[in-house]
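Next come the chains, spelled out residue by residue.
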Amino acid sequence: MNLVQLERRPIGAYPQVPLVALDSVWFQVAGTLCNLECTHCFISSSPTNRSFEMMTEAEVAAHLEEARGLGVRAYYFTGGEPFLNKAMVPILARTLAQGPACVLTNGIPITARLAGELSRLSAGSEYSLELRISIDGYDAQSNDPIRGEGSFEKILLGVGRLAEVGLNPVITVTEACEGVASRAGRLKFLEVLRALGLSQPRLKILPLLRMGAEEKRLRPYQAHETLAGVELDRAAIDKLECGHARMVTKKGVYVCPILIDHPGARLAATLTESLVPFGLSYSACYTCHAEGLSCAT
Amino acid sequence: MRDLTRIAFFGGIYSNHYALQAALQIARAKGVDAIWALGDFGAFGPHPDRSIEILRGAEIPAIQGNYEESLSSGAEDCHCGYTDPRDNHYAQLSYDYTKANTKAEYRQWMGTLPTSARIELGNKRLRLCHGSPRRINEFLWKSNTSTPFVERMLRDEDADLIVCTHTGIHWDRLGPDGRGIVNVGALGRPANDGHTHVWFTILESGPAGLRVEHVPVEYDHRRLALEMADEGLPAEFIETIETGWWTTCLEILPAKERAAGRY
């Protein structure tokens, strides 16, 4: 077995996670700019949040080239809302020439024309183009208080446009959607998706990260929600995104897609320099380990 | 011992002893020098000991899959690597049946098998594994396994070719130098393509380089389906054998492989 040797450390210290292998590279391609202002957003993305600016195609291309040399398996695009970036289609074309791509979108910017372009990109690559669309309720009544007035209907239009061109998105739902993590809640959501005409409904349920806007919606992390003193074995490390991925932003490379508001999570300017161990000293790290959050599709 | 030039590889057998018998006949008729089994002898199908008896009787060299690792270590589940609750539900039914119906002697034998192997074919160094060289239950699908990632694995493993299974769908991607990856597919259930036949793979080294042949195997799938029903195995598993469409373990599929199926 390829066991990872963890350093001995005093009780109460945080576990260190080595970069086991750089399998996934994330791009915060739209910065923190979003057409929505969801009340549970862990990085408080909004139409006016410019803490991170959008990335240019040239910036993404440079990191893609570096990633190719490092043997990266897959690429993810997030924001904010990735499709607010006008270069998103050429960026995806470039990406799909060297590996699979997954876009995390709220679905609202997906016009019939964009859906057509995405369909052509998908058909033209031997790699999968995944679209992940976030919804936070079974209906407008439960979704719109979180994602914004009228958003449910607009999201469904985007989902429908993808379905019309043969693209089957993964629908992601956070636990802000009441009961969705239970078996009954899951089945109910799958029925909602089937009713939309998705014959092969794909569903991913995500725990909440109690930071950013979510701190004010329900609650912040509590003192006991920490990994201080916790030992992680290889199996636990294998499940953590930070052991297998890095997040590229306009401001440099961060350890993961979640911690970009924390300066201590910025590791380097390049992917190559970012392949270093990371101490899990943030409360969000507790969610990834204890609640099994995985950003990957 | 003469050099090997033509080798057959059997992926997940999943207790499909009829397909295994048929594949053995085809491989021998095609004059292979050797046959390797890449793990997951049990799962989905009936009477797991029958496939093991065929493998052992034919003295086929084999490596462990996640099923052999779990069964030999007494694990409570198959460690298949699914992430979806419905997929895990069916995976558990499959594992519990297989565990209850595999002789202790055979479970012990599984633990004596290696988890990987290195062999040579022509001038190529082959790294045999179940899932991936680094993890027994890693899924290497064609549409989410980038070429740079394959090249990295080859560098890490000091090999020319990765030969794997675990996903249940055969594919290959070789560079102009003949280096790359071959997923040999599965004998245990169809490739989610609406056809009832199953697959194994032959690699052949010749003057023109390495040749990959994915070989379809017709077998008495109706008889297998009847046996599965007699054993009380889930109707969803039987439907897959009868129709060629996967009904479970679907959420792990990437977009392209999912879109190719019915469910």
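See the structure shown above.
First things first, this report covers the structure right here in the doc. Just so it is clear, the model here is predicted, and its values are computed rather than measured. (Residues numbered from 1 in each chain as written. Chains lettered and ligands numbered in written order. Predicted model: local features only at pLDDT ≥ 70, side-chain atom pairs only at ≥ 80, totals over all residues. Heavy atoms only, no water.)

Things to note about the overall build of chain A
Phase 1: From N to C terminus, chain A includes nine helices and eleven strands.
Phase 2: Over its C-alpha atoms chain A spans a radius of gyration of 19 Å, differing by no more than 12% from the 19 Å that the globule rule assigns to 297 residues.
Phase 3: In chain A, which comprises 297 residues, the proportion classed as buried is 57%.
Phase 4: In chain A, of all internal contacts separated by at least 6 residues, the share reaching a separation of at least 24 is 72%. (Helix = DSSP H or I, 4+ residues; strand = E, 2+ residues; numbered from the N terminus. Rg over C-alpha atoms; globule rule 2.2 N^0.38 Å. Buried < 20%, exposed > 50% of the residue type's maximum accessible area, 1.4 Å probe, protein only. Contact = heavy atoms within 4.5 Å.)

Looking at the environment of A:Ile155
Phase 1: Relative to the assigned elements, A:Ile155 resides in helix α5 (residues 151–164).
Phase 2: On a C-alpha basis, the gap between A:Ile155 and A:Ser134 in space is 8.3 Å, while along the polypeptide they are 21 residues apart.

Examining the nonpolar core
Phase 1: Ranked by size, the top nonpolar core spans 59 residues in total, and within it B:Ala8, B:Phe10, B:Ile35, B:Phe41, B:Leu187, B:Phe200 and B:Tyr219 carry the most contacts.
Phase 2: Of all the elements, helix α1 (residues 17–29) of chain B adds the most residues to this core, at seven residues.
Phase 3: Leave out the neighbours within four places in its chain, and B:Ile35 touches B:Ala8, B:Phe10, B:Leu24, B:Ala27, B:Ile60 and B:Pro61.
Phase 4: Within the second largest apolar cluster, 50 residues are counted, among which are A:Leu19, A:Val29, A:Ala67 and A:Leu96. (Core = buried A, V, L, I, M, F, W, Y, C linked by side-chain atoms within 4.5 Å.)

So, the sheet that holds strand β9 (residues 209–217) of chain B
For sheets, the rule is that strands pair by backbone hydrogen bonds, running either parallel or antiparallel.
Residues and elements named next belong to chain B.
Phase 1: An order of β2-β1-β8-β9 is seen for the four strands of this open sheet, with the pairing classed as mixed. Each end of this open sheet is capped by a strand with a single partner; those strands are β2 (34–37) and β9. The sheet shows a mean angle of 25° between the axes of neighbouring strands, direction not considered.
Phase 2: For strand β1 (residues 6–10) and strand β8 (residues 198–206), the ladder comprises four bridges, and the chain directions are antiparallel. Residue pairing in the sheet places isoleucine 7 in a bridge with leucine 203 of β8.
Phase 3: Docked against the sheet, α1 engages β1, β2, β8 and β9, running at close to 140° with respect to β9. (Pairing = 2+ DSSP bridges. Axes fitted to C-alpha atoms, helices over the stretch in contact; angles between N-to-C directions.)

Thoughts on the state of the cysteines
Here a disulfide denotes one covalent bond, and it connects the sulfur atoms of two cysteines.
Phase 1: One pass over the full model with this rule turns up one disulfide over all chains.
Phase 2: Between the sulfur atoms of B:Cys78 and its disulfide mate B:Cys80 the distance is 2.3 Å. Between B:Cys78 and B:Cys80, the S-S torsion sits near -135°, and that sign places the bridge as left-handed. Considered together, B:Cys78 and B:Cys80 belong to a single accessibility category, that of buried residues.
Phase 3: Its sulfur unpaired, A:Cys177 is 13 Å from the next cysteine sulfur, which belongs to A:Cys38.
Phase 4: Summary of cysteine pairing: A:Cys256 is not part of a disulfide, and the nearest cysteine sulfur, belonging to A:Cys288, is at 6.2 Å. (Disulfide = S-S within 2.5 Å.)

Examining the packing of helix α7 (residues 221–230) of chain B against helix α8 (residues 235–243) of chain B
Residues and elements named next belong to chain B.
Phase 1: Closest axis-to-axis distance for the α7/α8 pair is 9 Å, and the angle between their directions is 175°. One element, α7, and the other, α8, form an angle in the roughly antiparallel class. For the pair α7 and α8, the contacting residues are His221, Leu224, Ala225, Met228 and Ala229 in the first and Phe237, Ile238, Ile241 and Glu242 in the second.
Phase 2: Counted by class, the contact of α7 with α8 contains seven nonpolar, one polar and one charged residues. (Parallel < 35°, antiparallel > 145°, perpendicular 65-115°, else oblique. Nonpolar A, V, L, I, M, F, W, Y, C, P; charged D, E, K, R; others polar.)

Section: helix α3 (residues 66–73) of chain B
An α-helix turns once every 3.6 residues. As a result, residues three or four positions apart point the same way.
All names here are of chain B.
Phase 1: For α3, the full list of buried residues reads Asn66, Tyr67, Glu68, Ser70 and Leu71.
Phase 2: Buried residues belonging to α3 abut α4 (85–100) and α5 (104–111).
Phase 3: Two residues or fewer past α3, glycine 74 is found with a positive phi of approximately 75°.

Quick notes on the interface of chain A and chain B
Phase 1: At the interface, 26 residues of chain A touch 30 residues of chain B.
Phase 2: If you sort the residues of chain A by the area they bury against chain B, A:Arg73, A:Glu126 and A:Gln200 come out on top, with a joint share of 33%.
Phase 3: On the surface where chain A and chain B come into contact, there are five salt bridges.
Phase 4: Of the charged contacts, one joins B:Arg152 and A:Asp23 as a salt bridge, the two residues approaching to 2.9 Å between their closest N and O atoms.
Phase 5: The interface formed by chain A and chain B contains 24 residue pairs in polar contact (both at pLDDT 80 or more).
Phase 6: At the level of elements, α1 (57–70), α3 (112–123), β5 (129–134) and β7 (202–206) of chain A are the ones that each hand at least two residues to the side of chain A that touches chain B.
Phase 7: For the side of chain A that touches chain B, the element with the highest residue contribution is α1(A), accounting for three residues. (Buried area = accessible area lost by both parts, 1.4 Å probe. Salt bridge = Lys/Arg side-chain N within 4 Å of Asp/Glu carboxyl O. Polar contact = N/O pair within 3.5 Å; in protein donor to acceptor, adjacent residues only side chain to side chain.)

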